[in-house]
Amino acid sequence: MLKVTGLETGYGRVQILRGLDMEVPQGRIVALLGGNGTGKSTMLRAVSGLIRVWNGQIEFNGERIDNKAPDQIVRRGLIQVTQGKDSYPSMTVEENLKVGAFTRSDKPGVARDLERVYDYFPVLKERRRQLAGTLSGGEVQMLVIGRGLMAAPKMMLLDEPSAALAPKVVLDIFANINRIARSGVTILVVEQNVRMALILASYAYIIRDGRILIEGDADDLMHDENVKMSFLGGTVADSSREYMS
Ligand SMILES: Nc1ncnc2c1ncn2[C@@H]1O[C@H](COP(=O)(O)OP(=O)(O)O)[C@@H](O)[C@H]1O
Ligand SMILES: [Mg+2]
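Only a predicted model underlies this, so the values are computations on that prediction, with no experimental measurement involved.

Visitor: Explain the site of ligand 1 here, please?
Guide: Taken together, Y11, I16, G35, N36, G37, T38, G39, K40, S41, T42 and R45 are the residues near ligand 1. T42 has a polar side-chain atom sitting 2.5 Å from an oxygen atom of ligand 1. Expressed as a share of its isolated accessible area of 560 Å², the protein-covered part of ligand 1 is 58%. A total of four residues in the shell around ligand 1 trace back to one element, the largest contributor, which is helix α1 (residues 40-47). Taken together, the residues that form the shell around ligand 1 break down as two nonpolar, seven polar and two charged.

Visitor: So what exactly am I meant to see when it comes to the pairing of strand β10 (residues 211-217) here?
Guide: Working note: regular strand, side chains alternate between the two faces of the sheet. Where strand β9 (residues 203-208) and β10 come together, six bridges link them in antiparallel fashion. Bridged to I206 within β10 is I214. Connecting β9 to the next strand, β10, in antiparallel fashion are two residues, including D209 with a positive phi near 55 degrees.

Visitor: Is there a simple way to explain the environment of I187 in this structure?
Guide: Inspection of the secondary structure puts I187 in strand β8 (residues 186-191). Separated by 27 residues in sequence, I187 and E160 place their C-alpha atoms 12 Å apart. Beyond its immediate stretch of four places on either side in the chain, I187 contacts V24, R28, I29, V30, M156, L158, I177, I180 and A181.

Visitor: It is not clear to me how the nonpolar core should be interpreted in this structure. Could you clarify?
Guide: In summary, soluble globular proteins display a tendency toward joint burial of nonpolar side chains. Counting 50 residues, the largest nonpolar core has I145, M156, I187 and L198 as its most contacted members. Shared between two domains, this core holds at least three residues of each, these being domain 1 (2-77 + 155-244) and domain 2 (87-152). Judged by nonpolar contacts, the second largest core, of 27 residues, contains V24, I58, M155 and Y205.

Visitor: Teacher, can you tell me more about the sheet that holds strand β7 (residues 155-159) here?
Guide: In any sheet, the strands associate via hydrogen bonds between backbone groups, in a parallel or an antiparallel arrangement. The sheet built from six strands is open, its strands ordered β6-β7-β8-β3-β9-β10 with mixed pairing. On the outer flanks of this sheet lie β6 (78-81) and β10, each paired with one strand and no other. Across the sheet, the axes of successive neighbouring strands diverge by a mean angle of 15 degrees, strand direction being ignored. Pairing geometry for strand β3 (residues 29-33) and β9, over four bridges, is parallel. Bridging across to β9, A31 finds its partner in A204.

What counts as what
Residues numbered from 1 in each chain as written. Chains lettered and ligands numbered in written order. Predicted model: local features only at pLDDT ≥ 70, side-chain atom pairs only at ≥ 80, totals over all residues. Heavy atoms only, no water. Near = heavy atom within 4 Å. Polar contact = N/O pair within 3.5 Å; in protein donor to acceptor, adjacent residues only side chain to side chain. Areas by Shrake-Rupley, 256 points an atom, 1.4 Å probe, with all protein chains shown as cover. Helix = DSSP H or I, 4+ residues; strand = E, 2+ residues; numbered from the N terminus. Nonpolar A, V, L, I, M, F, W, Y, C, P; charged D, E, K, R; others polar. Pairing = 2+ DSSP bridges. Contact = heavy atoms within 4.5 Å. Core = buried A, V, L, I, M, F, W, Y, C linked by side-chain atoms within 4.5 Å. Buried < 20%, exposed > 50% of the residue type's maximum accessible area, 1.4 Å probe, protein only. Domains from an automatic or database assignment. Axes fitted to C-alpha atoms, helices over the stretch in contact; angles between N-to-C directions.

Spelled out as C-alpha cells, the structure:
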C-alpha cells in the first residue's frame, strides 16, 4: 500500500535519510524502529509531504505522492498522527475530534466515526465536553489517534504513540491500534519502544545512518541476537528509567 524507494531527504543542506527503502502492505501493522535522532519522524514527514523529498520515490496505492502537498496526501487517505502533545488545548475533546473530519462532507459517516472513536476510547466520550488542555498524556495520545480516525484514513502513520506514557496506558493504546488495524486501516508505527512495537507489528524495519539496517518478521527480530543486544536491552532500560522518574 505504501512503498518507499531510495528516499533521500534532510533539512537545509544536512542530509538525514540516505536511500531508505521500505514497504507497508495493505492491512498490516509495520514498525519503523531506531534510536533517538535516527530520522524516523523525518521519514514520516517526507511521506506526509511536510518536507521536500530530495531523491527517491514514495508510492501510495500505486500512485506517486512524493512532493505532493500535505492536504493532497490527506485527501488520498494517508493520515499522520504526530507525537501526543499535538491537540488543540483550548478546544473541547469533541471539537478536536471533529477537526479531524475537515476533509469530509458525509455527515452520517462523520457521526458514525465519532461513535467509533468513543467506542475505542470510552474515556474520550466521558470527557467529550472537557477542554483538551485538561487531559492526561495518555488521553491526549488517544485524542490525536481518534482525530486521525475521524479523517476515515486508509492508512495511518503513528509517531511514537507510546512516548512518555505509563506501561498500562501503552498497553491500552496498543490494543486499540490493533483493533484499528483489524478494522482495515493499514498502520505504520514509529517507535523507540522496540519490545512493545515488535509485539504489535507483524513486520519491522530498523533504521540507522539514514538507511534500513535490519528488516524482518517481528517474531524473528524479537529473537535475533543482534537485535536483542543492540535494541531490546537498551530500550527496556531506557523506558523503565523514564517510568521511574
Ligand atoms: N526541523 C529540523 N531542522 C533541522 N534538523 C532537524 C529538524 N528536525 C529534525 N532534525 C534533525 O534530523 C535528525 C533526525 O531527526 P528525527 O527524524 O526527528 O529523528 P527521530 O524521529 O528518529 O528521533 C536529527 O539529527 C535531528 O536533530
Ligand atoms: Mg521522532
